[in-house]
Amino acid sequence: MKNNFLSLGLSKTRWFVALAVSAMMLPAFYACDADKLAKDNLYTFTEQMIGQYLSDSSDFSEFTKLLDTTKVIGLLKSYGTYTCFAPTNQAMYDFYKLRGKKSLADFPSDSLKIIAYDHIINGSALLHSQFVSGRLPNLSMSDRYISISYANAGTFVDKTALITTKDIELHNGIMHVVNA
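Residues numbered from 1 in each chain as written. Predicted model: local features only at pLDDT ≥ 70, side-chain atom pairs only at ≥ 80, totals over all residues. Heavy atoms only, no water.

Visitor: Explain the overall build of the protein chain here, please?
Guide: Across its full length, the protein chain holds seven helices and seven strands. Listed N to C, the secondary structure of the protein chain is α-α-α-α-α-β-α-α-β-β-β-β-β-β in terms of helices and strands. Here the protein chain holds 180 residues, and the buried ones make up 33% of them. Long-range pairs, those at least 24 residues apart, make up 56% of the contacts in the protein chain between residues at least 6 apart in sequence. Carbon and sulfur atoms make up 55% of the accessible area of the protein chain, which totals about 11500 Å². (Helix = DSSP H or I, 4+ residues; strand = E, 2+ residues; numbered from the N terminus. Buried < 20%, exposed > 50% of the residue type's maximum accessible area, 1.4 Å probe, protein only. Contact = heavy atoms within 4.5 Å. Areas by Shrake-Rupley, 256 points an atom, 1.4 Å probe, with all protein chains shown as cover.)

This is the structure in structure tokens:
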């Protein structure tokens, strides 16, 4: 009686190779079935990036407009590590008035990016508990030091902007809301 392998026209080696390849492919087909996966496993993360948080909130529409205009919003919507001091809409309006302007459109375009970069530290997510009185160890993206001071009213950035909400933890960093 002939060997069954030979009756099929396959050598023993080819038959074992075909069997091994088939066995290795079987888990791949099982893993591709999305119905068998829990919904939680379909996402890399569910937290918001700083840029998305700002875009989704009407409280920061003016700051978001600045970030959109300067193309910096994309940075805050991407992976990385950032600390962002986000001014509220009222803080932005007060800034315009202080500078004798009515809106962002009244500022020269080259100064807008500097204004945006003044509010962001790239490479560090600094919590309020890590602040020290004086200069922060990390430069802002505009290569300027940000100073922190404390008073009875709270914590101030550059002696004028009160941190009204601290330590908003987001996927790519920490955001602090400022009123100036």
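Visitor: I would appreciate a short explanation of the nonpolar core in the present structure.
Guide: The tendency in soluble globular proteins is for nonpolar side chains to be buried as a group. In terms of nonpolar packing, the biggest core is built from 25 residues, with L54, L67, C84 and M175 touching the most fellow members. Once you skip the residues sitting within four places of it in the chain, C84 turns out to touch I50, L54, F63, L76, H119, I120, I174, M175 and H176. I121, L126, I146 and I148 belong to the second-largest nonpolar core, a separate cluster that totals eleven residues. (Core = buried A, V, L, I, M, F, W, Y, C linked by side-chain atoms within 4.5 Å.)

Visitor: Is there a simple way to think about the sheet that holds strand β5 (residues 154-157) in this case?
Guide: Hydrogen bonds between backbone groups are what pair the strands of a sheet, and the pairing can be parallel or antiparallel. Pairing is mixed across the open sheet formed by seven strands, whose spatial order is β2-β1-β7-β6-β5-β4-β3. With partners counted over all chains shown, the strands left at the sheet margins are β2 (120-122) and β3 (134-135), one partner each. Here four bridges tie strand β4 (residues 147-151) to β5, and the two strands are oriented antiparallel to one another. From the neighbouring strand, S149 faces β5, where its bridge partner is F156. (Pairing = 2+ DSSP bridges.)

Visitor: Which parts of the structure should I look at to understand the pattern of salt bridges?
Guide: Should the charged atoms of two oppositely charged side chains come close, the side chains can pair. Here the structure, examined in full by the defined rule, presents two salt bridges. Close ionic contact of K65 with E62 constitutes a salt bridge, the shortest N to O distance being 3.0 Å. In this pair, K65 and E62 are both assigned in helix α4 (residues 61-69), three residues apart and thus about one turn of the helix distant. The buried category is assigned to E62, whose relative accessible area is 8%. (Salt bridge = Lys/Arg side-chain N within 4 Å of Asp/Glu carboxyl O.)

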